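Summary of the model geometry
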Amino acid sequence: MRKEIVAFGKWYDQQIEVRPLATKALTSSVLAALSSVVAQVIRRKASIREVVSFTLQAAPPFSHFWFELLEAKLGPGKAVLKTTVDQLLFRPIMIWYCFVFGGFLSGKRWTEVMDNLHRNFAKVVVSSWKVWPAAMWLTHRYIPAQYRSAFTEMLAFFWDVYESLMVSGAERKSEEDEKEQRVAPK
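In short, a report on the structure. What you see is a predicted model, and the numbers here were worked out from it, not measured in a lab.

A word on helix α6 (residues 110-142)
Compared with the 48 Å implied by 1.5 Å per residue over 33 residues, the 41 Å span of α6 between its first and last C-alpha is markedly short. By the largest-angle criterion, N120 marks the main kink of α6, which is about 45°.

If you want it as structure tokens, here you go:
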């Protein structure tokens with residue numbers, strides 16, 4: 001098993017060098033699809049459309065370009081500054097993008113997307129600040145530039161499960177179910 005993992009690592013390393021954008025886009029898409037499936041298992045509701053939606057919205061390798069921009073504008077090192085800029089600028093925009101694009105790809109109407117955005121956006125951004133600053137600082141401080149995007153995508157798998165649940169409005173649904181149970185005649 002160890003030999004296979006080492007072989008995969010070498011192959012992936014070669015792909016990052018030869019096809020960085022395609023490799024990062026595929027990595028992001030596969031991990032997003034898997035995180036959507038896990039979220040659906042948690043909700044006990046399957047939707048191919050939602051998996052495709054989450055996969056498509058993760059396909060553009062935004063973080064690849066973001067890390068390059070941070071490196072070009074802020075220079076090497078400066079992990080604290082890069083983390084701060086990332087958390088105050090990039091993350092809220094990406095969370096907004098996930099809510100809006102993911103909502104539309106899932107077939108929600110504009111009013112449903114906006115309702116979910118108003119209900120959950122701030123909560124998700126604040127939750128992200130509990131997790132991502134440390135992850136981004138570690139990424140900028142210790143991960144070589146060519147692997148930063150792939151590394152954060154692996155970390156994002158767990159975050160994406162949470163975000164998929166929030167984008168789908170699962171929290172609202174569970175609250176509605178609780179209210180129905182309290183009001184339902186026995």
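So, the pattern of salt bridges
Taken as a whole and assessed by the stated rule, the structure comprises five salt bridges. Note that E50 is salt-bridged to R43, the shortest N-O span being 2.8 Å. A salt bridge links D86 to R91; its shortest N-O distance comes to 2.9 Å. With respect to class, D86 is no different from R91; both count as buried.

Observations concerning the nonpolar core
Ranked by internal contacts, the top residues of the largest apolar core, which has 14 residues, are I95, F99, V124 and W132. Counting residues per element, the ones that place at least two in this core are α5 (79-105), α6 and α7 (145-167). Considering every element that reaches this core, the biggest residue donor is α6, with seven residues. Setting aside chain neighbours within four positions, we find W132 in contact with Q87, T152, L155, A156 and W159. Residues W66, L74, F90 and Y97 belong to the second largest nonpolar core, which totals seven residues.

Side note on the packing of helix α4 (residues 62-74) against α5
Contact geometry for α4 and α5: axes closest at 12 Å, N-to-C directions at 150°. Considering the angle they form, α4 stands roughly antiparallel to α5. Between α4 and α5 lies a crossing of right-handed hand. Counted together, F62, S63, W66, L70, E71 and L74 of α4 and L81, K82, V85, D86, L89, F90, M94 and Y97 of α5 form the full contact between these two elements.

A closer look at the side chain of S35
Counting through the fold element by element, S35 comes out in helix α2 (residues 20-43). A relative accessible area of 0% places S35 in the buried class.

Description of the packing of helix α1 (residues 2-18) against α2
Taken N-terminus to C-terminus, the directions of α1 and α2 make an angle of 125°; their axes are 5 Å apart at the nearest point. By the angle class used here, α1 and α2 are oblique. Packed against α1, whose contacting residues are Y12, Q15, I16, E17 and V18, the element α2 presents P20, T23, K24 and T27 at the interface. Looking at the contact of α1 with α2 residue by residue, the classes come out as four nonpolar, three polar and two charged.

Remarks on the layout of surface pockets
The space that makes up the second largest pocket amounts to roughly 360 Å³. Around the second largest pocket sit 16 residues that line it, and F8, Y12, T23, T27 and A150 are the ones nearest its centre. Only α1, α2 and α7 provide two or more residues apiece to the lining of the second largest pocket. Examining the composition of the lining of the second largest pocket, we find that six residues originate from one element, α2, more than from any other. Among the residues making up the lining of the second largest pocket, the classes are represented as 12 nonpolar, three polar and one charged.

Examining a nonpolar patch on the surface
A grouping of I48, V52, L56 and F101 is seen on the molecular surface, where their side chains present a nonpolar patch of about 380 Å² in accessible area. Mapped onto the secondary structure, L56 falls in helix α3 (residues 48-58).

Definitions and limits used
- Residues numbered from 1 in each chain as written.
- Predicted model: local features only at pLDDT ≥ 70, side-chain atom pairs only at ≥ 80, totals over all residues.
- Heavy atoms only, no water.
- Helix = DSSP H or I, 4+ residues; strand = E, 2+ residues; numbered from the N terminus.
- Expected span 1.5 Å × (residues − 1).
- Bend = angle between axes of the 7 residues up to and from the residue.
- Salt bridge = Lys/Arg side-chain N within 4 Å of Asp/Glu carboxyl O.
- Buried < 20%, exposed > 50% of the residue type's maximum accessible area, 1.4 Å probe, protein only.
- Core = buried A, V, L, I, M, F, W, Y, C linked by side-chain atoms within 4.5 Å.
- Contact = heavy atoms within 4.5 Å.
- Axes fitted to C-alpha atoms, helices over the stretch in contact; angles between N-to-C directions.
- Parallel < 35°, antiparallel > 145°, perpendicular 65-115°, else oblique.
- Left-handed = near helix turned anticlockwise from the far one by under 90°.
- Nonpolar A, V, L, I, M, F, W, Y, C, P; charged D, E, K, R; others polar.
- 1 Å grid on protein atoms, 1.4 Å probe; cavity = no way out; pocket = protein on both sides within 12 Å on 5 of 7 lines; lining within 4 Å.
- Points joined across faces, edges and corners; volume = space filled by probe spheres on them.
- Patch = residues over 30% accessible without salt bridge, like charges linked within 9 Å, V, L, I, M, F, W, Y side chains within 5 Å.
- Areas by Shrake-Rupley, 256 points an atom, 1.4 Å probe, with all protein chains shown as cover.

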